[in-house]
Amino acid sequence: MTNGNWACFNCRITVRRPTWRQVAYFRPWVIGSKGDGQVKCPECKEACNFLGPKIAVPPKRDKAGWEKLRSLVIEAKLYWHDRVRRQNAERKHQIERQIQELIHRPENEGRKRFIESLRNELEELTQ
Ligand SMILES: [Zn+2]
């Protein structure tokens, strides 16, 4: 464990909370997210955005630096959002093909369970 920064871009304030050291490496899409909204800005009480443990935060007086940080975080969020969306779409097609293929095979308990688990995964991806 290490400490990660949570930022309020409007107030230019960070709150430090324990996080996982490698979080930005293994789960880069969480950068910029508000998590469950539990980390609040001490000034405006809005939910802060998670920056992870490694992103350098400019001093409070550096307005331009904060704006730059905000746009970088938004850009990264959009990138990962898009990428996850594309991966989900690919996985959905893969599952649909697999189900179609399995349906045409002779019926047995294993096939039935596998189709069921694929359908569950498909449902989760569709939410
Ligand atoms: Zn704030």
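Reading the values: rules and limits
- Residues numbered from 1 in each chain as written.
- Predicted model: local features only at pLDDT ≥ 70, side-chain atom pairs only at ≥ 80, totals over all residues.
- Helix = DSSP H or I, 4+ residues; strand = E, 2+ residues; numbered from the N terminus.
- Contact = placed C-beta atoms within 7 Å.
- Domains from an automatic or database assignment.
- Pairing = 2+ DSSP bridges.
- Axes fitted to C-alpha atoms, helices over the stretch in contact; angles between N-to-C directions.

Take the overall build of the protein chain next. When helices and strands are counted, the protein chain shows three helices and three strands. In sequence order, the secondary structure elements of the protein chain are arranged as β-β-α-β-α-α. Pairs at least 24 apart in sequence give 53% of the contacts found in the protein chain among residues at least 6 apart.

When its domains are assigned, the protein chain resolves into domain 1 (2–85) and domain 2 (86–126). Spacing between the C-alpha centres of domain 1 and domain 2 amounts to 36 Å. Contacts between the two partners involve four residues from domain 1 and, on the opposite side, four residues from domain 2.

Here we come to the sheet that holds strand S2 (residues 13–19). Pairing is antiparallel in the open sheet, where three strands are placed in the order S2-S1-S3. Each end of this open sheet is capped by a strand with a single partner; those strands are S2 and strand S3 (49–52). Adjacent strand axes in the sheet meet at a mean angle of 35 degrees when their direction is disregarded. The pairing of strand S1 (residues 2–8) with S2 spans seven bridges and is classified as antiparallel. When the sheet's bridge partners are listed, Asn 3 is paired in S2 with Pro 18.

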